[in-house]
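# A look at the structure
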Amino acid sequence: MKIVIRPHHIISLGGYIVETDFPYRNVIVVNPTAEPIKLEVPVFSEEWIEEQRQLGLELTPLTEEDNYLSNFRKAKAKLEKLKAEKGIKAE
């Protein structure tokens, strides 16, 4: 299955991680580009992370010890700064 992340948007893939031996409980995905990007989900392996980075996405994998909300806010702030620099209006 594929999902699309719109340009200059952020999503969380916690519900799309299905492998019990996958080392991350969640992955924050930011599309900083001006193009929509398709993601292959569900997430099965660590190689998936590098494949998505090669598409131009910024990923933050989270373990059980990581604070989801703090990391999401950091990624969102970085995205908002990028949008402000490019003069992109918030939706």
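Description of the structure in this document. The residue numbers shown here count from 1 along each chain, following its written sequence. Local features in this predicted model are restricted to residues whose pLDDT is 70 or higher, and side-chain atom pairs enter the listing and the counts only when it is 80 or higher, whereas totals over whole chains, interfaces and linings include all residues. Side-chain measures here rest on the full set of heavy atoms in the structure, leaving out hydrogens and waters.

### Re the overall build of the chain
Operational definition: What counts as a helix is a DSSP run of H or I of at least four residues, what counts as a strand is a run of E of at least two, and both are numbered from the N terminus. Radius of gyration here is computed from C-alpha atoms only, and the compact-globule reference equals 2.2 Å multiplied by the residue count raised to the power 0.38. A 1.4 Å probe rolled over the protein chains alone gives each residue an accessible area, and that area as a share of the maximum for its type sets the label: buried under 20%, exposed over 50%, partly exposed in between. Any two residues having at least one pair of non-hydrogen atoms within 4.5 Å are treated as being in contact. Residue burial considers only the protein chains on display, and all accessible areas are found by Shrake-Rupley using a 1.4 Å probe. Working convention for charge: Lys and Arg count positive, Asp and Glu count negative, and His plus the chain ends are omitted. For charged residues, the charge sits on one atom: NZ in Lys, CZ in Arg, CG in Asp, CD in Glu.
Each helix and strand counted, the chain has two helices and five strands in total. If you list the helices and strands of the chain from N to C, you get β-β-β-β-α-β-α. Here the chain has a C-alpha radius of gyration of 13 Å; the compact-globule value for 91 residues is 12 Å, and the two agree. Considering only C-alpha atoms, the chain reaches an extent of 40 × 25 × 20 Å along its principal axes. Expressed as a percentage of its 91 residues, the buried residues of the chain come to 32%. Looking at the chain alone, contacts between residues at least 24 apart form 64% of all its contacts between residues at least 6 apart. Accessible area for the chain stands at about 5,800 Å²; split by element, carbon and sulfur atoms hold 51% of it. Both charge centroids of the chain, one from 13 positive and one from 15 negative side chains, sit 11 Å from each other.

### Things to note about the environment of Asn31
The following threshold applies: Any pair of nitrogen or oxygen atoms within 3.5 Å is treated as a polar contact; in protein, a donor-acceptor pairing is required on top of that, and neighbouring residues in sequence qualify only through side-chain atoms on both sides.
Along the chain, Asn31 turns up in strand S3 (residues 26-31). Residue class for Asn31 comes out buried when judged on its relative accessible area of 0%. Distance in space between the C-alpha atoms of Asn31 and Leu55 is 9.4 Å, their sequence separation being 24 residues. In contact with Asn31, other than residues within four places in its own chain, are Ile5, Arg6, Pro7, His8, His9, Pro36, Ile37, Leu57 and Leu79. Within the structure, the side chain of Asn31 is placed 3.3 Å from the backbone oxygen of Arg6, a separation counted as a polar contact.

### Looking at the pairing of strand S4 (residues 37-40)
Selection criterion: The pairing criterion for strands is at least two bridges between them, as found by DSSP.
Burial of S4 is one-sided: the residues Ile37 and Leu39 facing one way are buried, the residues Lys38 and Glu40 facing the other way are not. As judged from the four bridges shared by strand S1 (residues 2-5) and S4, these two strands associate in the antiparallel manner. Its bridge partner lying in S4, Ile5 is registered against Ile37.

### Thoughts on unusual backbone geometry
Residues Val41 and Pro42 are joined by a peptide bond in cis, for which omega reads 0°. Take Pro42: it is sitting in the loop between S4 and helix H1 (47-54). Of note in the backbone geometry, His8 takes a positive phi value of approximately 55° without being a glycine. Along the polypeptide, His8 turns up in the loop between S1 and strand S2 (9-12).

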